Structure formats: C-alpha cells, structure tokens
Amino acid sequence: MGAMRDGEYGISDAFINLEGIRHVYKGGTVALDGVDLRVGTGLFGLLGPNGAGKSTLMKILCTLLAPTEGRASVGGFDVLSSRPEVRRLIGYLPQEFGAWRLHRVAEVLDTLASLSGMRDKLRRRERVEEVLQQVGLAEVADRKVKKLSGGMLRRLGVAQALVHDPRFLIVDEPTVGLDPEERLHFRAVMAELARERTIVLSTHIVADLGSGCEDLALIDRGKVVYRGAPSDLVNQARSRVVEFSVKPTEEVALLDRIEVVSRSADAGLIHIRGVVREGAAPSGATQVDDPTLEEAYLAFMAGRGRSGFGVGEEVA
Ligand SMILES: Nc1ncnc2c1ncn2[C@@H]1O[C@H](COP(=O)(O)OP(=O)(O)OP(=O)(O)O)[C@@H](O)[C@H]1O
Ligand SMILES: [Mg+2]
C-alpha cells in the first residue's frame, strides 16, 4: 500500500461540498445565507460568534435538518437523496450530547454502533474496546453514564461519533466544559484522527483548533466571511494586535477602542495586550510579534464592526 493511498476511498470521495446553502427556521430566522464550502481531508475549523449558524450547518451535513435552499453532499452523497449513505459515512458529536444517563458506557457505544449499521456483534465489541482506549475511557467502560464527569461525558460523545469508524467527523463545540488537561488530550486525539479523515470542528475556544488545523472558515450571521489558512488570518491581523502600559486612570478611556485580551497590573501601571478595534493604537503601543489565532479572530471580527461577543478562553 502506497503512502499516498487515501484509505479505501477515492480522492473525490473525501470531500464535503456545500453550494448555495440557505436555511430559514420557522419564524423567519435566516440561520444560513448562501454558504459555499468545499472541505477535504484534515482538521477544518468552523469559527463564529453565538448564533452565526455553525450548529445549523453541521445539522444539515448530518442529515438532521433539510436546507431551505442549496445542495450539500458528503463523500459524494447528497444529504437529501442519500441519507443512509451519508449517515454511515459520518460521525456526529452534537453540541448538547448528554443522553443515555442510565446506561453503561460500553453499552451506549454498542447500541449506537449497531444503529450506525455495524451488524457483527463480535466486531462491534472489539471496536467498542478500541474506541474506549482511544478516548481514554477504558477504565470506566462499566460505569453508568450519569456517574461520568463532564469531561468524561464529552469523551463519550467523541467515542460514539467514532465508533463506526466514519470517514467524516462533525464535532460541534467539543471542548466546552473540559479542563485544560482534557482539552490537550482532546486536541491530540483530533489531530491524530484528522490524518486520514475529514473533520469539521466548531468552537468558541479558538486555541482548541490547535496546530493540526490548516484550514478554517469564519462565519458570521449565516455567511462565510473568511476562508483560508490560520496563518494567513494571523498575518492579516498582525498590525492590530498590540501591547501597551497605561496609568489606571487612563484605562477606561481606551476600552471602546481596544478589545482587551489580557491585562495585568504592577508598579502602578496596567499592562494590556489587545486588539485595536478602530482608529490608531494608543500612544506608546508596540505591535505584538506573535499574535495568536484567537487575537487574529478578534481583530478580523472587530474589522467587521463586531466585538464583545465573548470568544476565546472560557471564563468561569
Ligand atoms: N430550532 C430553531 N428554531 C428557530 N431558530 C433557530 C433554531 N436553532 C437555531 N436558531 C437560530 O438560528 C441562528 C443560528 O443558530 P445556530 O445554533 O446555528 O448558531 P451557532 O453558530 O451554532 O451558535 P452557538 O455558537 O451559540 O452554538 C440563531 O439566530 C438561532 O437563534
Ligand atoms: Mg452552536
């Protein structure tokens, strides 16, 4: 088997394709407003503020929601006319995964694997063990779901999305509620899986895309407003991410111009790192050499006149 061989799939089957996708909910909310996207193998990040349309897009890909307009396909199969095929190809971690509380961990996986079309009982048992190892839940295979910690529950969510070994993974805000160590673990699992799969991952915690993500889309109010490499987004933002120090009395006047990313105080001065929303940088400010992806995201959205929507690290 050659190194370039793409599993048992042809190259053209590795794509998710969206053309002119529009979705209007009952009541008239336009959640998606003409989305075109083509996504291939690897980890694809879907970023956007609350209500941007991320979950709606993911539900359409998973055949849970029919788009009002446009066409979507997964691995060459249309989400409307080939639902069973798409469901077999796709693993989905919904934003609100948490059902099955009275069942045991391994049982849940076995049942869901069976629903995803894995008929062979023995093969299923092997696969459940494998996937529990992979997400680090092997020790709690016999525990009831309601006794899992929040982080373990998220990992069970990942395990159920993976159990039938899907070619495509759709994971919606998978790191919400995880502690820093669990997030690191999660990032490593995704990077590993992305080597031979197409993963679409939506998140508010921009850092959780990690270095394994080479392609992303930013959506805002139902439209794709940026598509490209994280490094390009960072380069675009470079001039607007700054550091400076001010006296405490001067700080307030700056807050409508600066999106503060971090702030510390010492020796009577406030040190601020942040994104210039509009106008010139405060006097004495220096450009940051190494803006993070999160800062680049803030800078991009600020340039669209959007700010204060609480992206980045979760704050308790
Ligand atoms: N079932 C529904 N009925 C009516 N409106 C909905 C429904 N689900 C979502 N919406 C609306 O559609 C828009 C997009 O919602 P969606 O959940 O796709 O956004 P999101 O990007 O996933 O947001 P979040 O980051 O908060 O998860 C929002 O305005 C939301 O209020
Ligand atoms: Mg959502």
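Residues numbered from 1 in each chain as written. Chains lettered and ligands numbered in written order. Predicted model: local features only at pLDDT ≥ 70, side-chain atom pairs only at ≥ 80, totals over all residues.

Caption draft 1: Spatial organisation of the sheet that holds strand 14 (residues 286–287). The four strands lie next to each other as 12-13-11-14, forming an open sheet whose pairing is antiparallel. A single partner strand is all that each edge strand has here, and the edge strands are strand 12 (258–266) and strand 14. As paired strands, strand 12 and strand 13 (residues 269–276) are joined by eight bridges and run antiparallel to one another. Looking at strand 13, one finds that Ser262 is bridged to Arg273. Set on the sheet, helix 9 (residues 293–303) makes contact with strand 11 (241–246), strand 12 and strand 13; between it and strand 13 the angle comes to about 65°. (Pairing = 2+ DSSP bridges. Helix = DSSP H or I, 4+ residues; strand = E, 2+ residues; numbered from the N terminus. Contact = placed C-beta atoms within 7 Å. Axes fitted to C-alpha atoms, helices over the stretch in contact; angles between N-to-C directions.)

Caption draft 2: Region of interest: the domain arrangement of the chain. Under the domain assignment, the chain is made up of domain 1 (11–228) and domain 2 (235–303). The C-alpha-based centres of domain 1 and domain 2 are spaced at 34 Å. Of the residues lining the interface, six residues belong to domain 1; the matching set on domain 2 comes to five residues. (Domains from an automatic or database assignment.)

Caption draft 3: Here's a closer look at the sheet that holds strand 10 (residues 223–228). With mixed pairing, the six strands of this open sheet are ordered in space as 6-7-8-3-9-10. Every other strand in the sheet has two partners, leaving strand 6 (90–93) and strand 10 as the edge strands with one partner each. On average, adjacent strands in this sheet sit at an angle of 15° to one another, irrespective of strand direction. In the packing of helix 1 (residues 54–61) onto the sheet, the strands contacted are strand 3 (42–47), strand 7 (168–172), strand 8 (198–203) and strand 9 (213–220), and the crossing angle to strand 7 comes to about 150°. On top of the sheet, helix 5 (residues 150–162) reaches strand 6 and strand 7; it is set at about 165° to strand 6, its chief contact.

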